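# Observations on the three-dimensional arrangement
Each chain, written out:
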Amino acid sequence: MITSALNQDELLQLPAVVDLATAARALGVGRTKAYDLAKSGTFPCPVLRIGTSYRVRTADLLKLIERVQTSLSLVGAG
């Protein structure tokens with residue numbers, strides 16, 4: 001099942017910590033790819049390992065998205 005990326009309103013309504021699948025959706029990354037990245041330590045923002053689950057702080061996720069959007073804006077302006 002393919003789900004669309006989260007919009008800005010949905011991002012702002014996220015709790016303080018989200019599961020890896022939600023973080024992946026926010027970034028437009030597939031669930032399987034997100035788990036592969038987390039297991040290899042290359043997910044684009046810090047991942048918390050709690051027991052057998054992966055969690056991502058929403059603040060870290062929002063910072064990453066903001067940085068990417070800023071970078072894209074700069075590229076588009078240049």
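Our structure's up above, just so we're on the same page.
Described below are features of the structure shown in this document.

## Topic: the pattern of salt bridges
Tallied over the entire structure, the rule returns 1 salt bridge. The salt bridge partner of Arg57 is Asp60, with a shortest N-O separation of 2.6 Å.

## Quick notes on helix H2 (residues 20-27)
Within H2, burial applies to Leu20, Ala23, Ala24 and Ala26. Angularly, the buried residues of H2 cover 160 degrees about the axis, an arc narrow enough to put them on a single face. Following H2 by one or two positions, Gly28 adopts a phi angle in the positive range, close to 75 degrees.

The rules we used
Residues numbered from 1 in each chain as written. Predicted model: local features only at pLDDT ≥ 70, side-chain atom pairs only at ≥ 80, totals over all residues. Heavy atoms only, no water. Salt bridge = Lys/Arg side-chain N within 4 Å of Asp/Glu carboxyl O. Buried < 20%, exposed > 50% of the residue type's maximum accessible area, 1.4 Å probe, protein only. Helix = DSSP H or I, 4+ residues; strand = E, 2+ residues; numbered from the N terminus. Arc of directions from axis to C-beta.

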